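Each chain, written out:
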Amino acid sequence: MACTNCSTGTKDGTPKGCKNNGTCGTDSCNKLTVFDWLGNMNLPTGEAPFDCVEIRFKNGRKEFYRNTEKLTLSMGDVVATEASPGHDVGIVTLTGELVRIQMKKKGVSLTSPDILKIYRKASQKDIDIWKDARDKEEPMKVKAREIAIALKLQMKISDIEFQGDGSKAIFYYTAEDRVDFRQLIKEFAQVFKARIEMKQVGFRQEAARLGGIGSCGRELCCSTWLTDFRSVNTSAARYQQLSLNPQKLAGQCGKLKCCLNYELDTYLDALKDFPDFETKLHTEKGDAICQKQDIFKGLMWFAYTDNFANWHVLKIEQIKEIMAQNKEKKRVSSLEDFAIEIIVEQEANFNNAMGQESLTRFDQPKKSKNKNKNRNKNKVAGPNAPQGQNQNKIPNQGNPNPNQNQGNQNQGNPNQNQPNRRPIIIKKNEDKK
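Quick look at the structure, then. Numbering of residues begins from 1 in every chain and follows the order in which that chain's sequence is written. A pLDDT threshold of at least 70 governs which residues receive local features in this predicted model, and a stricter bar of 80 or more applies before side-chain atom pairs are shown or counted, although totals over entire chains, interfaces and linings include all residues. Remark: hydrogens and water are excluded; side-chain values derive from all non-hydrogen atoms of the structure.

Turning next to the pairing of strand β2 (residues 62-66). Sheet topology places strand β1 (residues 52-56) next to β2; five bridges connect them, and they run antiparallel. From the neighbouring strand, V53 faces β2, where its bridge partner is Y65. Two strands qualify as a pair provided that DSSP identifies no fewer than 2 bridges between them. A helix here means a DSSP run of H or I that spans at least four residues, while a strand means a run of E at least two residues long, and both kinds are numbered starting from the N terminus. In the sheet, β2 pairs with strand β5 (residues 116-121) via two bridges, with the strands oriented parallel. If you follow Y65 over to β5, its bridge partner there is L116.

Another point: the pattern of salt bridges. One speaks of a salt bridge when a side-chain nitrogen belonging to Lys or Arg is within 4 Å of a carboxyl oxygen belonging to Asp or Glu. Per the stated rule, a full pass over the model turns up 21 salt bridges. The salt bridge partner of D159 is R209, with a shortest N-O separation of 3.0 Å. Linking D159 in strand β6 (residues 156-162) with R209 in helix α5 (residues 203-210), this pair joins segments that are 50 residues apart in sequence. We call a residue buried when its accessible area falls under 20% of the maximum for its residue type, exposed when it is over 50%, and partly exposed in between, using a 1.4 Å probe and counting protein chains only. When its relative accessible area of 4% is taken as the criterion, D159 is described as buried.

Right, let's talk about the pairing of strand β7 (residues 168-174) for a bit. Most of β7 is tucked away, with seven of its seven residues classed as buried. Alternating residues of β7 divide into K168, I170, Y172 and T174 and A169, F171 and Y173, and every residue in both groups is buried. If you look at the hairpin formed by β6 and β7, you'll find five residues sitting between the two strands, and G166 has a positive phi there, around 75°. Note: β7 against strand β8 (residues 195-200), six bridges, orientation parallel. The partner of I170 across the bridge, within β8, is E197. Handedness of the crossover joining β7 and β8 through helix α4 (residues 182-192): right-handed. We call a crossover right-handed when, viewed with both strands directed away from the observer, the connection leading from the first strand over the helix to the second proceeds clockwise.

A contiguous nonpolar patch, built from F35, W37 and I101 and spanning about 400 Å² of accessible area, is present on the exposed surface. Within the secondary structure, I101 sits in helix α1 (residues 97-106). In this structure I101 comes out as partly exposed when scored by relative accessible area, which is 41%. Residues with no salt bridge and a relative accessible area higher than 30% make up the patches, which join like charges within 9 Å and nonpolar side chains (Val, Leu, Ile, Met, Phe, Trp, Tyr) within 5 Å. All accessible-area figures derive from a Shrake-Rupley calculation using a 1.4 Å probe, and residue coverage is judged against the displayed protein chains alone.

Here we come to the environment of E82. Checked against the element boundaries, E82 lands in strand β3 (residues 78-82). Each C-alpha atom, one on E82 and one on Y119, is 6.5 Å from the other, the two residues being 37 residues apart in sequence. Here a residue-residue contact requires only that any non-hydrogen atoms of the pair lie within 4.5 Å. Every residue in contact with E82, bar those within four places of it in the chain, is listed here: Y65, L116, K117 and Y119.

Okay, the nonpolar core next. Among buried residues, the Ala, Val, Leu, Ile, Met, Phe, Trp, Tyr and Cys ones that are joined through side-chain atoms within 4.5 Å form a nonpolar core. By size, the foremost hydrophobic cluster in this structure holds 21 residues, and its most contacted members are M155, I157, F171, L184, F188 and M198. Looking at this core, the elements that each hand over two or more residues are α3 (137-150), β6, β7, α4 and β8. No other element matches the four residues that α3 contributes to this core. Of all hydrophobic cores here, the second largest spans 17 residues; its members include A288, L314, I319 and L335.

This paragraph deals with the sheet that holds strand β9 (residues 280-282). Sheet architecture is open: four strands sit in the order β9-β10-β11-β12, paired in antiparallel fashion. Where the open sheet ends on each side, the last strands, each with one partner, are β9 and β12 (307-315). Averaged over all pairs of adjacent strands, the angle between strand axes in this sheet comes to 35°, irrespective of strand direction. Across three bridges, β9 lies against strand β10 (residues 287-294) in antiparallel orientation. Residue pairing in the sheet places L281 in a bridge with A288 of β10. Set on the sheet, helix α10 (residues 316-327) makes contact with β9, β11 (299-304) and β12; between it and β12 the angle comes to about 105°. Lines fitted to C-alpha atoms define the axes, with helix axes restricted to the stretch in contact, and inter-axis angles between N-to-C directions lie between 0 and 180 degrees.

The sheet built from three strands is open, its strands ordered β6-β7-β8 with mixed pairing. Either end of the sheet is taken by a strand with one partner, and the two such strands are β6 and β8. Strand-to-strand twist of the sheet, defined as the mean angle between neighbouring strand axes without regard to direction, takes the value 25°. By the bridge criterion, six bridges tie β6 to β7 in an arrangement that is antiparallel. Directly across from I160, in β7, lies its bridge partner F171. Here α3 sits on the sheet in contact with β6 and β7, set at roughly 145° to β6.

Quick look at the packing of aromatic side chains now. Two rings from Phe, Tyr or Trp (for Trp, the six-membered ring) form a pair when their centres sit within 6.5 Å of each other. Planes less than 30 degrees apart are called stacked, planes more than 60 degrees apart edge-to-face, and all others tilted. The full count for this structure, using the stated rule, is seven aromatic pairs. Judged by centre distance (4.7 Å) and plane angle (15°), the ring pair of F171 and F188 falls under stacked. Of the two residues, F171 sits in strand β7 while F188 sits in helix α4, which places them 17 residues apart along the sequence. Both residues of the pair, F171 and F188, belong to the buried class. Measuring from centroid to centroid gives 5.7 Å for Y173 and F181, while their planes differ by 70°, and the two rings are edge-to-face. For Y173, a relative accessible area of 5% gives the class buried. Put simply, the rings of F171, F188 and F192 pair up and form one aromatic cluster. Any Lys NZ or Arg CZ that is within 6 Å of a ring centre and within 35 degrees of that ring's normal is treated as a charge sitting over the ring. Over the aromatic face of Y172 sits the side chain of R209, whose NZ or CZ is 3.8 Å from the ring centroid.

See the structure below:
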């Protein structure tokens, strides 16, 4: 669901657009949107609708408010809510029984007195003040960073959020250590003339607020649908046999990617049937240890301790059979008796189809450097040229010496005695009637 700024114009029908490319300051287009799958269901007779509403503010910040005035609200309505001090302006994202489920999920008591209330639907005056305050945030963020650098504070101001009435500004910052920003608040209050509130967020929360595109080509999960951040360990990458490269495993927040936990349970279930990676097989030819395993094909690669360059591929059933004999203090003859051969199919190469393997096929063709030399090949004849010289002739054809004078071609044109001089083109001027 897009914000109100992305609606079409009234005159020509062209979209207005907030020009923030999916991270608009008013509604955060497509950021933590919710589908109300209970919206088409009617309540039983005599049942009152749930009086709490979920409201979203800038960059996906959501809060629960109580509809004490019993306003008829729907998703997308702009409302004025209670704040301390003054009031705030937000957009309704969820109503009805789904709000009750969300409050239970977040651990918010349904009868808590700390739940603020909704004043009214926002008037045009409220929306104008709200938009004016939003327009101040970007230049204010630049100035705030300059002040923090001048005070030599080890912190990064990532975002600024104004309250709906413009009376208070919340500064979100990240820092490695504790920061003494008492002098910073005094500077901010003196320069910006507003109530200042500093709020420290983690690096993942910062990436969720700012948004972006991940390495998969999609919007970040934390800014679109992910609300709870679980800890991610490097063991999740080991179980999935991923390269332990920090540059590939880290997201835009600098931490391990949250998507490493998505398929971890599936990998753990598949690894239950596999023998331990530290398993050692005892044969008459020598002891062998595991070098590699393929979870999808159910294969493991073993190599003798005295010959690590030669690997043998075994299935899980064969490994368990060898382990059972080793448990009875018996040794098999060798791994070659159980190893299987993997036939590598030749991959089809479709890169040369239609001749599209060249990366420069759309580039402009380069101009020839011999352009001046080619000009002398074609003789341009004017209206006063002798008869027979209007035809194109190839100079030096059949003449092994290019410096030899061509008498027949140079007759009647004295300019051709000089080889480096361009031919004169005579244009006939037509008299204007």
